[in-house]
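If you want the building blocks of each chain, they are given just below.
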Amino acid sequence: MAKKGKKTKKSKGADDGLTLIASYKRAYRDYEILDTYEAGMVLTGSEVKSLREGNAQIAEGYARVRKGEMWIDGVHIPPYTNAIGFGAHDPDRERKLLLNRAEIDKLDMRTAQGGLTIVPLRLYWKGGRAKMELGLAKGRSKSDKRQNLAERDADREMTTALNLRNKYGHLD
């Protein structure tokens, strides 16, 4: 008779099957993100193995439409440690992104108007495939950044005051 395995607890949190490789959190401060898109990536074997190790830098990346195709540039995926010579890849090469034709046309039209750019927000595994979350972004000036920080601080102070009032009753 076969021995039954030990049952494991399932996590109570929302498990959406995503494993984060790299993120660009500063983009939310430097840019106003207007819309987000999920794109697949065309990768070589050593790039996939390097991503499995969790190596990537997307902070300096940007995407653009060229000849009806979406390309990402400025993303650094270091060479896989065991890939030498023929199996190695160029860490800073341009990589093709996989999007629907309608999404590519829409992004091309919006960025052609000027003032908008496409920045990578996250790089992650989803169902065994490398995906990138792209953001259609508008750059913020220094005063916009300061105003955004002031609004966030004011909101935080209001919620803190409301929480204290609810916890301790009416404070004057």
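Residues numbered from 1 in each chain as written. Predicted model: local features only at pLDDT ≥ 70, side-chain atom pairs only at ≥ 80, totals over all residues. Heavy atoms only, no water.

## Things to note about the side chain of Ser 50
Next up, step 1: You can see Ser 50 is positioned in helix 2 (residues 45–52).
Next up, step 2: Setting aside anything within four residues of it in sequence, one finds Ser 50 in contact with Asn 55, Ile 77, Pro 78, Pro 79 and Tyr 80. (Helix = DSSP H or I, 4+ residues; strand = E, 2+ residues; numbered from the N terminus. Contact = heavy atoms within 4.5 Å.)

## Comments concerning the pairing of strand 6 (residues 116–126)
Next up, step 1: Across the eleven residues that make up strand 6, a large majority, eight, are buried.
Next up, step 2: Pairing geometry for strand 1 (residues 18–23) and strand 6, over five bridges, is antiparallel. The residue of strand 6 that forms the bridge with Leu 18 is Lys 126.
Next up, step 3: Relative to strand 7 (residues 129–139), strand 6 is paired through ten bridges, and the arrangement is antiparallel. Counterpart to Ile 118 in the pairing with strand 7 is Leu 136.
Next up, step 4: A loop of two residues connects strand 6 with strand 7, the two strands running antiparallel in sequence, and Gly 127 in this loop sits at a positive phi of about 60 degrees. (Buried < 20%, exposed > 50% of the residue type's maximum accessible area, 1.4 Å probe, protein only. Pairing = 2+ DSSP bridges.)

## Points about the nonpolar core
Next up, step 1: Leu 51, Met 70, Leu 97, Leu 99, Leu 123, Met 132 and Leu 134 are the most contacted members of the largest nonpolar core, which has 30 residues in total.
Next up, step 2: Breaking this core down by element, the ones donating at least two residues are strand 1, strand 2 (31–41), strand 4 (69–73), helix 3 (101–112), strand 6 and strand 7. (Core = buried A, V, L, I, M, F, W, Y, C linked by side-chain atoms within 4.5 Å.)

## Quick word on the confidence of the model for the protein chain
Next up, step 1: In this model, the protein chain carries an average pLDDT of 81, and 85% of its residues clear a pLDDT of 70 or more.
Next up, step 2: Segment residues 5–14: pLDDT under 50, and zero contacts once partners within four positions in sequence are set aside and those in other chains are kept. (pLDDT = per-residue confidence, 0-100.)

## Points about the pattern of salt bridges
Next up, step 1: Tallied over the entire structure, the rule returns twelve salt bridges.
Next up, step 2: Its salt-bridge partner being Arg 64, residue Glu 94 comes within 2.6 Å of it at the nearest N-O pair. Of the two residues, Glu 94 sits in the loop between strand 4 and strand 5 (95–98) while Arg 64 sits in strand 3 (residues 62–66), which places them 30 residues apart along the sequence. (Salt bridge = Lys/Arg side-chain N within 4 Å of Asp/Glu carboxyl O.)

## Here's the deal with the pairing of strand 5
Next up, step 1: Residues Arg 95 and Leu 97 line the buried face of strand 5, whereas the alternating positions Lys 96 and Leu 98 sit on a face that is not buried.
Next up, step 2: Relative to strand 5, strand 2 runs antiparallel, the two being bridged by two bridges. From the neighbouring strand, Met 41 faces strand 5, where its bridge partner is Leu 97.

## Description of unusual backbone geometry
Next up, step 1: The phi dihedral of Lys 67 falls on the positive side, at around 55 degrees, and the residue is not glycine.
Next up, step 2: Residue placement: Lys 67 occurs in the loop between strand 3 and strand 4.

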